[in-house]
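Chain residues, written in single-letter form:
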Amino acid sequence: MKKLFAEFFGTFWLVFGGCGSAVFAAGVPDIGIGLLGVALAFGLTVLTMAYAVGHISGGHFNPAVSFGLLAGGRFSAKDLIPYIVAQCLGAIVAAGCLYTILNGAGVVDFSKPGAFATNFYGEAVYNGKAFSMGAAFLAEFLLTAFFLIVIMGATDKWANGKFAGIAIGLALTLIHLISIPITNTSVNPARSLSQAVFTGGLAMSQLWLFWVAPILGGIVGGLIYKFLLQRDSTEVVAD
């Protein structure tokens, strides 16, 4: 049960910190944190929770990560559904808190694509560019696959585990720097679900992509690391 609470609170922090920074701080005139700040905020949420509760649950905070670690042989199938439920609940509760705080300043219009840090495709939200469904799918798939490769490599028994949280947090920062202009960055189905629940409309109708692409990417990333990169116990690395 402690593992599930760790996943709940870890995912809560990811959504509250990452999406919260996008909702409240990104667009503030003169002192707003912008794209770089939001990307860093997402990375920091994972970095801090990896050290806070990662030793309890493994620090997934993301259904795509759980699927990927299962494919990579690092996670038990019997824990998959309970983890995903805990992650989604943590994300939704966090989004509910953000929604309540935001509405404390007055009625908010959630009709625009990307509102409330929701994910999207086919909409010109940034720089007048609208990326197609296929482009969004490929971006989410590739970025989640590489995220899993980083996670599995950084937490490998041959790696220096003390720095795993830093590597994973910086990887998520980089992912957001790349893909915020494309999809507002998901790579995490729970994070996408939580924001869509409170906005409905476009975000809910496009939610399928932000579940399918990250989960497939996570599985492929886990398999790539397991079969192409993971060292065998008999291997010796040359000096």
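All of these numbers come straight from a predicted model, not from anything done at the bench.

Moving on, we come to the packing of aromatic side chains. As enumerated under the stated definition, the model contains eleven aromatic pairs in all. Both rings, one in F5 and one in F9, keep their centres 6.4 Å apart while their planes meet at 25 degrees; by these two values the pair is stacked. Here F5 pairs with F9, and both are found in helix 1 (residues 2-24), just four residues apart, close to one helical turn. Look at F5 and you get partly exposed, because its relative accessible area is 46%. For F9, a relative accessible area of 46% gives the class partly exposed. Ring plane angle 85 degrees and centroid distance 6.3 Å describe the contact between Y99 and F116, whose orientation is recorded as edge-to-face. Within this pair, whereas Y99 is found in helix 4 (residues 80-103), its partner F116 is found in the loop between helix 4 and helix 5 (133-154), the two being separated by 17 residues in sequence. Overall, the relative accessible area of 30% leaves Y99 in the partly exposed class. What makes F116 buried here is its relative accessible area of 5%.

This next bit is on the UniProt feature "transmembrane region" (unreviewed entry) in the protein chain. The UniProt record marks residues 35-53, 80-102, 130-151, 163-182 and 202-225 with the feature "transmembrane region" (unreviewed entry), using the residue numbering of this structure. Regarding residues 35-53, the helix share stands at 100% and the strand share at 0%, and the terminal C-alpha atoms are separated by 27 Å. Taken end to end, residues 130-151 has its terminal C-alpha atoms 30 Å apart, with 86% of it in helix and 0% in strand.

To continue, consider unusual backbone geometry. Phi angles above zero are rare outside glycine, and F61 is one such case at about 55 degrees. Its location among the elements puts F61 in the loop between helix 2 (34-57) and helix 3 (63-71). Its identity is not glycine, yet N127 carries a phi of approximately 55 degrees, on the positive side. With respect to the helices and strands, the residue N127 is situated in the loop between helix 4 and helix 5. For N127, a relative accessible area of 73% corresponds to the exposed category.

If you check helix 1, its first and last C-alpha atoms are 31 Å apart, about what 23 residues at 1.5 Å a residue would give, namely 33 Å. When we look at burial in helix 1, the residues that qualify are A6, E7, G10, T11, F12, L14, V15, G17, G18, C19, G20 and S21. Packing partners of the buried residues in helix 1 comprise helix 2, helix 4 and helix 7 (189-199).

Tallied over the entire structure, the rule returns two salt bridges. Across the pair D156 and R74 runs a salt bridge, and its minimum N-O distance is 3.5 Å. Linking D156 in the loop between helix 5 and helix 6 (164-183) with R74 in the loop between helix 3 and helix 4, this pair joins segments that are 82 residues apart in sequence. For D156, a relative accessible area of 7% translates into the label buried. With a shortest N-O distance of 3.5 Å, D79 and K78 are connected by a salt bridge. With relative accessibility at 65%, the residue K78 sits in the exposed group.

About the cut-offs
Residues numbered from 1 in each chain as written. Predicted model: local features only at pLDDT ≥ 70, side-chain atom pairs only at ≥ 80, totals over all residues. Heavy atoms only, no water. Phe/Tyr/Trp six-rings, centres within 6.5 Å; stacked < 30°, edge-to-face > 60°. Helix = DSSP H or I, 4+ residues; strand = E, 2+ residues; numbered from the N terminus. Buried < 20%, exposed > 50% of the residue type's maximum accessible area, 1.4 Å probe, protein only. UniProt positions renumbered as here; feature names shortened; annotations may be inferred. Expected span 1.5 Å × (residues − 1). Contact = heavy atoms within 4.5 Å. Salt bridge = Lys/Arg side-chain N within 4 Å of Asp/Glu carboxyl O.

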